[in-house]
Amino acid sequence: VEHQERGLLAFIIRFGTQRTGEEEPMLWEIAMTELNEGSDIVFNNPLCARTFDALRALHAANQPLTDNFFTVTDDTELSSFVSDVLSRQYTLSDAWAKNDILVLTEAQNALEELTSIFNHLRRKKVELTIQDSLNRLADLGPDEDWEELLEYQMYLMEKRRELTEPLGTVVTNYTSVQTKQ
């Protein structure tokens, strides 16, 4: 989960002030709307939690995100993370251009990337919740009521399926539950 959380933060740092169209909201505004309106995403990584709390406050106050929001900060951990994110540059091989193969840059594909990041983050959170639910099932005694927890487990598995279909992800993690006898 930490990888997806840091990936979302890195995306906002690199592309947050970009717009998908002239009259469209900035990508960070789309992300904040997603996080604020009915989202069940809670950040486990302390750096991400602090930064997204600050971004939520900025968004709630209808303040614009400026390019120096991330670079002018007293948070040394955030400064270090921002430095790493902004210094990573990937170059595409000249062979792609020579063969007339069009490859979208990260900036050209930003909205789709934001959607993908959110979907992967949600899928990972659901996976962790499923594992937690399986652990609770394992702790139930033979005389306890399993029905509610099994229904919840089925609900989570359906949510996982809904999230994996658009991503083209196949979940192969199989976990068995051993009951107390």
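See the structure above.
Residues numbered from 1 in each chain as written. Predicted model: local features only at pLDDT ≥ 70, side-chain atom pairs only at ≥ 80, totals over all residues. Heavy atoms only, no water.

Draft legend 1. Quick peek at the packing of helix H2 (residues 27-36) against helix H6 (residues 110-139). Remark: H2 packs on H6, axes separated minimally by 11 Å, with the N-to-C direction vectors making an angle of 25°. Between H2 and H6, the angle falls in the class roughly parallel. Viewed along their axes, H2 and H6 form a crossing whose handedness is right-handed. Contacts between H2 and H6 involve Leu27, Ile30, Ala31, Glu34 and Leu35 from the first element and Ala110, Leu111, Leu114, Phe118 and Arg122 from the second. For the contact of H2 with H6, a count of residues per class yields eight nonpolar, no polar and two charged. (Axes fitted to C-alpha atoms, helices over the stretch in contact; angles between N-to-C directions. Helix = DSSP H or I, 4+ residues; strand = E, 2+ residues; numbered from the N terminus. Parallel < 35°, antiparallel > 145°, perpendicular 65-115°, else oblique. Left-handed = near helix turned anticlockwise from the far one by under 90°. Contact = heavy atoms within 4.5 Å. Nonpolar A, V, L, I, M, F, W, Y, C, P; charged D, E, K, R; others polar.)

Draft legend 2. Structural detail: the pattern of salt bridges. Following the criterion strictly, the structure yields nine salt bridges and no others. Residue Glu5 pairs with Lys125 through a salt bridge whose shortest N-O separation is 3.0 Å. With a gap of 120 residues between them, Glu5 in helix H1 (residues 2-15) and Lys125 in helix H6 connect regions that are remote in the sequence. Judged on exposure class, the residue Glu5 and its partner Lys125 are both buried. When salt bridges with common partners are traced through the structure, they connect Arg50, Asp75 and Glu77 into a single cluster. (Salt bridge = Lys/Arg side-chain N within 4 Å of Asp/Glu carboxyl O. Buried < 20%, exposed > 50% of the residue type's maximum accessible area, 1.4 Å probe, protein only.)

Draft legend 3. Spotlight on the packing of H1 against helix H4 (residues 76-87). Where H1 meets H4, the axes come as close as 10 Å, and the angle between the chain directions of the two elements is 70°. Here H1 lies roughly perpendicular to H4, going by the angle between them. On H4, the residues touching Arg6, Leu9, Ala10, Ile13 and Arg14 of H1 are Leu78, Phe81, Val82, Val85 and Leu86. When its residues are assigned to classes, the contact of H1 with H4 shows eight nonpolar, no polar and two charged.

Draft legend 4. Examining the nonpolar core more closely. If you look at the biggest cluster of nonpolar residues, it comprises 31 residues, and the most contacted ones within it are Leu8, Leu9, Ile12, Phe52 and Phe70. Here the element with the most residues in this core is H1; it accounts for seven residues. Discounting residues that sit within four places of it in the chain, Phe52 has contacts with Glu5, Leu8, Leu9, Ile12, Met32, Leu35 and Phe43. Counting eight residues, the second largest nonpolar core, distinct from the first, contains Val126, Leu134, Leu156 and Leu163. (Core = buried A, V, L, I, M, F, W, Y, C linked by side-chain atoms within 4.5 Å.)

Draft legend 5. Region of interest: a negative patch on the surface. Together, Asp143, Glu144, Asp145, Glu147, Glu148 and Glu151 give the surface a local cluster of negative charge. As for its position among the elements, Glu144 is in the loop between H6 and helix H7 (147-167). (Patch = residues over 30% accessible without salt bridge, like charges linked within 9 Å, V, L, I, M, F, W, Y side chains within 5 Å. Areas by Shrake-Rupley, 256 points an atom, 1.4 Å probe, with all protein chains shown as cover. Lys, Arg positive; Asp, Glu negative; His and termini not counted. Charge placed at Lys NZ, Arg CZ, Asp CG, Glu CD.)

Draft legend 6. Region of interest: the environment of Glu77. Along the chain, the position of Glu77 falls in helix H4. For Glu77, a relative accessible area of 40% corresponds to the partly exposed category. Spatially, the C-alpha atom of Glu77 lies 7.2 Å from that of Leu47, the residues being 30 residues apart in sequence. Among the polar contacts listed, one links the side chain of Glu77 to the side chain of Arg50, at a separation of 2.9 Å. (Polar contact = N/O pair within 3.5 Å; in protein donor to acceptor, adjacent residues only side chain to side chain.)

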